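Chain residues, written in single-letter form:
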Amino acid sequence: MSRLLCLRLATLCCFCASFAAAGRQCNSTDLIKHTYWFSQSEWIIPPACTSLRDVLLLEMDEAIAFSGALKQHTALTTLSFGWDKRRPWEQGAQAFAGALANHTGLTTLHVYRGLGDQGAEALAEGLRANTKLTSLDVSGNAIAAKGAVALAAALKDNKVLTTFALGGNAIGDEGAAAFAEALKGNTVLTTFNAYRNEIGPKGAAAFAEALKSNQVLAHLDLGWNNLRAEGAIILADALEKDVKLTTLDVGGNEIGDEGATSIAEALKRNTVLVELGLDWNKIGPEGASALGEALMTNEVLATLYVGGNEIGARGAGALAGALKSNKALKTLDVGNCRIQLEGAVAFAEALESNDALSALDVGGNELGVQGAVVLAEALKSNRALATLNVYRNDIGTQGAVAFASALTVNKALTSLNVYQNDIGSQGAAALADALRSNKALTTLDVGENEIGNVGAAAFAEALKSNKKLTHLILESHTIGDHHFQHLSLSLDKNKNLALASNKHKTGRYEPTSQVEGALSKCGLTEHEVHFEELGAESLGDLSLLHFADIEALSLKVVVRRRLIQCICKAFSKSDREEAMRKGRICEHYAQEDKVDL
């Protein structure tokens, strides 16, 4: 036996021993790589790895070697990899397609960059023959119409794929038409994501036609395309038919009042759709009023996102009025809609009688102190609302005191977000005092509120007796080390509590508090977004994320969209412009007039 072979076997045995536990999640650092004097590479995937993430292939021989390793490792069920898009990919893609075609274990595949049309065509060949893959994500791969046509053709033959995501590409109307045609005969695909793909009204028409015959597709994401009112009207017509779609996202398509009104009319007759994304669509009071009217009779829609539309107080009044009789809607997002005090009053009145709504987002709406006071008063009698987001509303100390008073009697609210509201130390102290008697709240975000040492001391004292709170988000540079130490002692008494601060670390808290603070202001919790998966510990890190990084996370469509919104809103205008120039994630989110900074 050669010395080289002995060395290889010894290395492999060592790794096999270290990966003895079955079902291990691995990443690129776990791979065993051999490069020989004649430049041939061999990769070995440790036997215990069932999930392999973040593999970046830089050279052609690496792609071929990795594909060879994949053929041998049939225990792998989940794979995430990317290709250096500056280099030719065709041969590597063909090698990978060959490995994919007959792989008997892989069920989830995410190619996070570098495919292009040639790579997509090769991948399509592997997809035709594969009989195990159920989830494929090729988002952010610069796939145009040619690659989309190839993948769509493969979809016609594939009988196992249930989830297909290709957001952040450029398939256009031609690619959309190809996928729509494939969907007509497909009997297994339930989720299709074509987020941000330059799809216009013609593409919308193709999907609308496919929906009329497809009986299995439940989730369709066409957010941030170019549908406009024309495309919305076409989709609305399909929704009136006997379609099976339960989730539709058309946010960021500038459908305006005309498009919103058409969809609202469809909602009066649709009995299937439970989740609808209409945020950042240039919808005004007229469109919101139409939606409110539809909610008066619709008995199935459970989640509605209309955030980022200037619906104003009149639009808010229409939606709030519908809540007085609607018993189906559970989640309503009207953040950044300029509803102001009058809108707050309308929602407060609705909350006094509504016993169905469980989550309400009214953040960024210029509610002011009085807006907070009326909402807080409504909480005293409301027994259904579990999540309330009032971030960035200038509620001040008085507003915080009002919410604190409500918390002493409210037994339903589990999450309260008052991020960036200038509540100060006195407002924080009032909220802390309420925690002494409140036994329901599990998440409280008081980030960027200048609560200071006095506020920190108040929370430290309250947490000695409160064992219900699991997440306290501070994100403030105004707390001294001494006072934070007292606050962190609460962790010893409450083993379920996690503190978030961008300045301090504690034994059980991984310090991504800047990230948590930025995300939580839009109502995102670690139950929806596993913060550690972002690989970011600061807002600066977040700005470097690519759209594909977000697509890589296992998120619901609407959660992913809100995550992108929150990240971009976390930066100053100049930071955001810099991120856009670099082609980072904010470029994929919105134009200047779609973000309320």
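Note that the structure is a prediction, hence the values are computed from the model and not measured.

Section: the nonpolar core
Consideration 1: Within the largest apolar cluster, 147 residues are counted, with the highest numbers of intra-cluster contacts made by Leu109, Phe164, Phe347, Phe403, Leu416 and Leu431.
Consideration 2: Setting aside its immediate chain neighbours within four residues, Phe347 contacts Ala316, Leu319, Ala320, Leu323, Leu332, Val334, Ile339, Leu360, Val362 and Leu375.

A few points about the packing of helix 11 (residues 312-323) against helix 12 (residues 340-353)
Consideration 1: Orientation of helix 11 relative to helix 12, taken along the N-to-C sense of each, is 0°, at an axis distance of 8 Å. Looking at the two axes, helix 11 sits roughly parallel to helix 12. From helix 11, Ala313, Ala316, Gly317, Leu319, Ala320 and Leu323 reach across to helix 12, where they touch Glu342, Gly343, Ala346, Phe347 and Ala350.

Some words on the packing of helix 9 (residues 256-267) against helix 10 (residues 285-295)
Consideration 1: Two elements in contact, helix 9 and helix 10, have axes separated by 8 Å at closest approach and are oriented at 5°. Taken together, the axis directions place helix 9 and helix 10 in an arrangement best described as roughly parallel. Every residue of helix 10 that contacts helix 9 at Asp257, Ala260, Thr261, Ala264 and Leu267 is listed here: Glu286, Gly287, Ala290, Leu291 and Ala294.

Observations regarding unusual backbone geometry
Consideration 1: A positive phi angle, close to 60°, is found at Lys282, a residue other than glycine.
Consideration 2: For Lys282, the location among the structural elements is in the loop between strand 12 (275-277) and helix 10.
Consideration 3: Its identity is not glycine, yet Arg338 carries a phi of approximately 55°, on the positive side.
Consideration 4: Tracing the sequence through the fold places Arg338 in the loop between strand 14 (331-333) and helix 12.
Consideration 5: You can call Arg338 partly exposed: its relative accessible area is 38%.

A short note on the environment of Leu133
Consideration 1: On the secondary structure map, Leu133 appears in the loop between helix 4 (116-129) and strand 7 (135-137).
Consideration 2: The buried category is assigned to Leu133, whose relative accessible area is 0%.
Consideration 3: Put simply, Leu133 and Ala101 are 32 residues apart on the chain and 9.7 Å apart in space, counted from C-alpha to C-alpha.
Consideration 4: Ignoring any residue separated from it by four or fewer positions in sequence, one finds Leu133 in contact with Leu100, Leu106, Thr107, Thr108, Leu109, Leu127, Val160 and Leu161.

About the criteria used
Residues numbered from 1 in each chain as written. Predicted model: local features only at pLDDT ≥ 70, side-chain atom pairs only at ≥ 80, totals over all residues. Heavy atoms only, no water. Core = buried A, V, L, I, M, F, W, Y, C linked by side-chain atoms within 4.5 Å. Buried < 20%, exposed > 50% of the residue type's maximum accessible area, 1.4 Å probe, protein only. Contact = heavy atoms within 4.5 Å. Axes fitted to C-alpha atoms, helices over the stretch in contact; angles between N-to-C directions. Helix = DSSP H or I, 4+ residues; strand = E, 2+ residues; numbered from the N terminus. Parallel < 35°, antiparallel > 145°, perpendicular 65-115°, else oblique.

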